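# Geometric and topological summary
Residue-level listing of the chains:
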Amino acid sequence: MNKDTALVVFSGGQDSTTCLFWAKKHFRRVCALTFAYGQKHVKEVDVARAIAGKAGVDFDVMDVSFIGRLGHNSLTDPSMKMDAEKPEGGVPNTFVPGRNLFFLSIAAVYARERGINHLVTGVSQTDFSGYPDCRDAFIKSLNVTLNLAMDEQFVIHTPLMWIDKAETWALADELGVLDLVRRETLTCYNGIPGDGCGHCPACKLRREGLEKYLSMKNEQ
Ligand code: ZN
């Protein structure tokens, strides 16, 4: 297994782009794997490809559009309106059940074929939505399962697990890519890159984090 190489589960959004540059700092070689899962905004894949090109990392796209057909969610179903807020006692309809389970499992098989055992994902337990597959316990459990499933020693790195959006901006700044993340990533649920539409839940969270970070920075 090649300990010098990391595979990043990469969407072209703020979090995974920050992780991509985090990986570039910690590993000699970085590969980015993007999943096409039937998301409404297929532009995501183009954004991811462009950022990977700028970062100078290997890039590949895996078609997993079956995920959108398995369950009902507002990221893949054009007829569904996205929840603006987390409903009481549940997850918002932007939750794609099993997404990180599938992504990381497929990434591990992909990595194994290429002799890579370091996987990087931008999941965060502090994420506002409370998606169950963003939690640390799930990632640790899956890491054990993947090792048992393939008799390998994968290491899943989660640089953003315990930090909030403001701290994620701080990390991007520390890595020297604040402007790139701000201008070129796509986080917006309405498919608008950079600062986005400004009013969807993802834009709101992103903007509030950026404002908090910039005001902290200006006070220093
Ligand atoms: Zn938006």
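Right, let's walk through the structure included here. The model shown is predicted, which means the values in this text are computed figures rather than measured ones. (Residues numbered from 1 in each chain as written. Predicted model: local features only at pLDDT ≥ 70, side-chain atom pairs only at ≥ 80, totals over all residues. Heavy atoms only, no water.)

## Here we look at the overall build of the chain
Scanning the chain for helices and strands turns up eight helices and five strands. The linear arrangement of helices and strands in the chain, starting from the amino end, is β-α-β-α-β-α-α-β-α-β-α-α-α. The burial tally for the chain puts 49% of its 220 residues in the buried class. For the chain, the accessible surface area stands at approximately 10700 Å², while carbon and sulfur atoms represent 52% of it. (Helix = DSSP H or I, 4+ residues; strand = E, 2+ residues; numbered from the N terminus. Buried < 20%, exposed > 50% of the residue type's maximum accessible area, 1.4 Å probe, protein only. Areas by Shrake-Rupley, 256 points an atom, 1.4 Å probe, with all protein chains shown as cover.)

## Observations concerning the coordination of the zinc ion
Those protein atoms acting as donors to the zinc ion are Cys 188 (SG), Cys 197 (SG), Cys 200 (SG) and Cys 203 (SG), and they sit at 2.3 to 2.4 Å. If you look at the zinc ion, its four donor atoms make angles of 104 to 116° with each other, and the shape they trace is tetrahedral. Here the donor residues of the zinc ion are spaced in sequence according to C-x8-C-x2-C-x2-C. On the basis of relative accessible area, Cys 197 is assigned to the partly exposed category, the value being 21%. (Donors = N, O, S within 2.8 Å, 3.2 Å for Na, K, Ca; no water. Tetrahedral: all angles 85-135°; square planar, octahedral: opposite > 155°, others 65-115°.)

## Some remarks on the pairing of strand E2 (residues 29–36)
Burial within E2 is extensive, with six of its eight residues counted as buried. Inspection of the sheet shows E2 paired to strand E3 (residues 58–63) by six bridges, in the parallel sense. The residue of E3 that forms the bridge with Ala 36 is Asp 63. (Pairing = 2+ DSSP bridges.)

## So, the side chain of Thr 121
With respect to the element layout, Thr 121 can be found in the loop between strand E4 (116–120) and helix H5 (136–150). Beyond its immediate chain neighbours, meaning those up to four positions away, Thr 121 contacts Cys 19, Leu 104, Ile 156, His 157, Thr 158 and Pro 159. (Contact = heavy atoms within 4.5 Å.)

## Some points on helix H6 (residues 165–174)
In an α-helix, one full turn covers 3.6 residues, which means residues spaced three or four apart are oriented alike. If you check which residues of H6 are buried, you get Lys 165, Ala 166, Thr 168, Trp 169, Leu 171 and Ala 172. Turning to H6, the residues buried within the fold contact helix H1 (14–26), helix H7 (178–184) and helix H8 (201–219). The backbone nitrogen of Ala 166 has a side-chain oxygen 3.2 Å away, supplied by the residue at the start of H6, namely Asp 164. Phi turns positive one or two residues past the end of H6, at Gly 176, with a value near 80°. (Polar contact = N/O pair within 3.5 Å; in protein donor to acceptor, adjacent residues only side chain to side chain.)

## Here's the deal with the packing of H1 against H6
Their axes nearest at 10 Å, the elements H1 and H6 cross at an angle of 40°. In terms of their interaxial angle, H1 and H6 are classed as oblique. At the point where H1 passes H6, the crossing takes the left-handed sense. Here Gln 14, Asp 15, Thr 18 and Lys 25 of H1 come into contact with H6, specifically with Lys 165, Thr 168, Trp 169, Leu 171, Ala 172 and Glu 174. Looking at the contact of H1 with H6, its residues break down into three nonpolar, three polar and four charged. (Axes fitted to C-alpha atoms, helices over the stretch in contact; angles between N-to-C directions. Parallel < 35°, antiparallel > 145°, perpendicular 65-115°, else oblique. Left-handed = near helix turned anticlockwise from the far one by under 90°. Nonpolar A, V, L, I, M, F, W, Y, C, P; charged D, E, K, R; others polar.)

## Here's the deal with the packing of aromatic side chains
Applying the stated criterion across every chain yields a total of four aromatic pairs. With a centroid separation of 5.5 Å and 85° between ring planes, the pair formed by Phe 66 and Phe 102 is classed as edge-to-face. With Phe 66 in helix H3 (residues 66–70) and Phe 102 in helix H4 (residues 99–113), the pair connects residues that are 36 residues apart, well separated along the chain. Under the relative-accessibility criterion, Phe 66 is labelled partly exposed at 37%. Accessibility expressed as a relative area gives 25% for Phe 102, which makes it partly exposed. Ring pairing ties together the aromatic residues Phe 35, Tyr 37 and Phe 103, which thus form one cluster. Over the face of the ring belonging to Tyr 110 we find Arg 114, whose NZ or CZ atom lies 3.5 Å from the ring centre. (Phe/Tyr/Trp six-rings, centres within 6.5 Å; stacked < 30°, edge-to-face > 60°. Lys NZ or Arg CZ within 6 Å of the ring centre and 35° of its normal.)

## Concerning the pattern of salt bridges
Summed over the entire model, instances satisfying the criterion amount to 14 salt bridges. A salt bridge links Asp 179 to Arg 183, with the nearest nitrogen and oxygen atoms 3.7 Å apart. Separated by four residues within a single helix, Asp 179 and Arg 183 lie in helix H7, roughly one turn from each other. Taking the relative accessible area as the measure of exposure, Asp 179 reaches 45% and is therefore partly exposed. The exposure class of Arg 183 is exposed, given its relative accessible area of 56%. Residue Glu 211 pairs with Arg 207 through a salt bridge whose shortest N-O separation is 3.8 Å. Of this pair, Glu 211 and Arg 207 both sit in helix H8, four residues apart, which is roughly one turn of the helix. (Salt bridge = Lys/Arg side-chain N within 4 Å of Asp/Glu carboxyl O.)

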